Amino acid sequence: MTEPQIAPYGSWKSPITADLIVAGTIGLGQIALDGEDVYWIEGRPAEAGRSVIVRRTPDGEITDVTPFPFNVRTRVHEYGGGAFTVKDGTIYFSNFTDQRLYQQTPDSEPQPLTPQAERRYADAVIDSKRRRIICVQEDHTDSEQEPVNTLVSISLVNGEDVQVLASGSDFYSSPRLSPDNSQLAWLSWNHPNMPWDRTQLWVAQIKNDGSMGEAGCIAGGAEESIFQPEWSPDGVLYFVSDRSGWWNLYRWLPPLAAQGQGRPPLSKEGLGGAEGVELLCEMTAEFGLPQWVFGMSTYAFESANRIICTYTQEGSWQLASLDLQTRQLEVIETPYTDISSPKATSGRVVFGAGSATEPTAIVQIDLATGENSVLRRSSELEINTGYLSIPQAIAFPTDNELTAYAFFYPPQNQDYTAPAGEKPPLIVKSHGGPTASASSTFNLKVQYWTSRGFAVLDVNYGGSTGYGREYCQRLKDQWGIVDVDDCANGAKYLAEQGLVDSERLAIAGGSAGGYTTLCALTFRDVFKAGASYYGVSDLEALATDTHKFESRYLDGLIGPYPERKDLYEARSPIHFTHQLSCPVIFFQGLEDKIVPPNQAEIMVESLKAKGLPVAYVAYEGEQHGFRRAENIKRTLDGEFYFYSRIFGFEPGDAVEPVLINNL
């Protein structure tokens, strides 16, 4: 092995290029099992971001199910998820272009099920007994009013035959039929709550004609979030609740039903829930997730007596088996640190997984032998580990004598070392949401930076999930303060430890992370540059010009609007560009309905007028997040080029320049 070259941080030549990332990477999404077949969604940048259902048969054959130009993606809540279901070989999916439901067998062309209309569908289950599909419907037919969300039942014979099963709440999710199709469970919540704040779990009888009997509330209410209701094969209802301060597993064992005396009395108010709710496995761990999209799961039934589940502690995920009779939890050893969306049948479990050195994959485990099989990888690229930075989970002090968490990636490239005494530039990553979390799973976009000589700090600031309800609640009324302090304190902590250059600190984030980025650049003096990906600059505009799902989100993060208009103005970077004194690059999709382009454009014009270096890269046809390969490449290289000009180093690779005003 040759001796490493001495070259400044940032100027290292890397084999992990933007071209390599977009050419060799796909997104892996929703997983479903149907008999012996495994289905999942692949998001393909090389096909303009099209999402395709893929099927794997027991003999290992993998084929595309979704023909071009169909794109399996729903826009319910704008973020979507739960875009397909499969039953007895027939697939039912939402098509992105027209948002209609389609049905298809693997060997046939998709046929529309629902009529052309301004309606969207998600999170479907099949009622085989009545030949109907039950799902969430979001009705946009009245463009002057807020969309109407309901639970509906749609005939599989005539898609215009629709029954409204549940209405009156602002939001619905997770309709789940009992094994005998006699009962339906679901979640609902109302403004101004988000699903991780307060949800309710309901159950009702389904009558022979498909209509629904009186509903009763099993769990939920003030200060309780319910996640993923599921019926066991023997008809017991399970769910995840954070009533203890952590998302743990529960089940509902109605005493009268257990004695064969019919349906037990239910709470109609949801204040405290019904009798018979039982905690299965109390842990200071999270078995739940913030329900940003439909179809999320952390557990599945291998049998009536066994759950295969995932949980996270301090940013690392485990796979485990829970005996439902003894309530004993046994960890299933895997090489993965990020595990998601388990689906199980007798003797096996299929799930999404990744680790610090392994990209996300669809994995299957034989529960009898422990044999681990990778069914599909998000990337087939084989990269020498000498170019890979291994994340270090760190805890650091932050304001109010509290502790915050992050993953630290030091620079790593086996071909280079920096000149003696030089410290690397740092990019602080502020994740979106803000109710979400950073992951330590192998991420080529992070390795793009570290292999060029940057350090990266991926911050799980106060308000992130995975550390209990109390940690998540740190952001209540404090968005733009707690998250910003934690990102700034993380950067200062690394600088004080001598691990990064305090004069070359940058911060970058998308969506809500873009807001944290712009606040940090405007209201703090820690960072020297930043990158905003479709970030929020004007909270008032966000509160009055965003989609229904998040239209009252800020009530809990900032305060009620317009009553606390003063806070919205005080925490909006757009009003304080006179305090901003460092360069910023903005990336924006021009069809973004969540954070419209004017949020970026007003900020850009203000910085231009002030004379600060500023760049603006906008993409036709892109929404909230970039899906096209050429735009993903342009964004990565564009941000890198921007820092090279601001921090004064020469890239080791040729990159396409971006226009920087006032440079």
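The rules behind the values
- Residues numbered from 1 in each chain as written.
- Predicted model: local features only at pLDDT ≥ 70, side-chain atom pairs only at ≥ 80, totals over all residues.
- Heavy atoms only, no water.
- Core = buried A, V, L, I, M, F, W, Y, C linked by side-chain atoms within 4.5 Å.
- Buried < 20%, exposed > 50% of the residue type's maximum accessible area, 1.4 Å probe, protein only.
- Contact = heavy atoms within 4.5 Å.
- Helix = DSSP H or I, 4+ residues; strand = E, 2+ residues; numbered from the N terminus.
- Expected span 1.5 Å × (residues − 1).
- Arc of directions from axis to C-beta.
- Polar contact = N/O pair within 3.5 Å; in protein donor to acceptor, adjacent residues only side chain to side chain.
- Pairing = 2+ DSSP bridges.
- Axes fitted to C-alpha atoms, helices over the stretch in contact; angles between N-to-C directions.

(A) Layout of the nonpolar core. One finds Leu 426, Val 428, Leu 457, Trp 479, Phe 527, Leu 554 and Phe 586 to be the most contacted residues of the largest nonpolar core, which totals 81 residues. Residue contacts for Phe 527: discarding those within four places in its chain leaves Val 428, Cys 487, Ala 488, Ala 491, Leu 505, Ala 506, Ile 507, Ala 520, Leu 521 and Cys 582. In terms of nonpolar packing, the next biggest core, distinct from the first, is built from 42 residues, Ile 16, Leu 388, Ile 585 and Leu 636 among them.

(B) Quick look at helix H10 (residues 598–610). When the terminal C-alpha atoms of H10 are compared, their 18 Å separation across 13 residues agrees well with the 18 Å that a helix rising 1.5 Å per residue should span. For H10, the set of buried residues is Gln 599, Ala 600, Met 603, Val 604 and Leu 607. Buried positions in H10, seen along its axis, are confined to an arc of 120° and lie on one side of it. Where H10 is buried, its residues meet helix H6 (512–523), helix H7 (539–544), strand S37 (584–589) and strand S38 (614–619). Phi for Gly 611, located one or two positions after H10, is positive at around 90°.

(C) Layout of the side chain of Arg 130. On the secondary structure map, Arg 130 appears in the loop between strand S10 (119–127) and strand S11 (132–139). A distance of 3.3 Å separates a polar atom in the side chain of Arg 130 from the backbone oxygen of Ile 206. If near-sequence neighbours (up to four positions away) are discounted, Arg 130 is found in contact with Asn 181, Ile 206, Lys 207, Asn 208 and Gly 210.

(D) Structural detail: the sheet that holds strand S29 (residues 372–377). Read from one edge of the open sheet, 4 strands run S26-S27-S28-S29, paired in antiparallel fashion. Of all strands in the sheet, those with a lone pairing partner are strand S26 (338–345) and S29, marking the two edges. Direction aside, the axes of adjacent strands within the sheet are offset by 25° on average. Pairing between strand S28 (residues 361–366) and S29: 5 bridges, direction antiparallel. Residue pairing for S29: Ile 362 is matched across the bridge by Arg 376.

(E) Spotlight on the sheet that holds strand S33 (residues 426–430). Strand order in this open sheet of 8 strands is S30-S31-S34-S33-S35-S36-S37-S38, and the pairing throughout is mixed. If you trace the sheet from one side to the other, it starts and ends with strand S30 (392–398) and S38, each paired once. With direction set aside, neighbouring strand axes in the sheet form an average angle of 20°. Judged from the 6 bridges that link them, S37 and S38 form a sheet pairing that is parallel. Looking at the pairing, Val 584 lines up with Val 614 of S38. Where helix H5 (residues 482–496) meets the sheet, it contacts S30, strand S31 (402–409), S33, strand S34 (455–460) and strand S35 (505–510), and its direction lies at approximately 110° from that of S30.

(F) Geometry of the pairing of strand S23 (residues 306–313). Extensive coverage of S23 is indicated by the burial of 6 of its 8 residues. Bridge count between strand S22 (residues 299–303) and S23: 4 bridges; the pairing is antiparallel. If you follow Phe 301 over to S23, its bridge partner there is Ile 307. As consecutive antiparallel partners, S22 and S23 are separated by 2 residues. Between S23 and the antiparallel strand that follows it, strand S24 (residues 316–323), lie 2 residues; Glu 314 among them carries a positive phi value of about 55°.

All quantities given are derived from atomic positions and should not be read as evidence of function.
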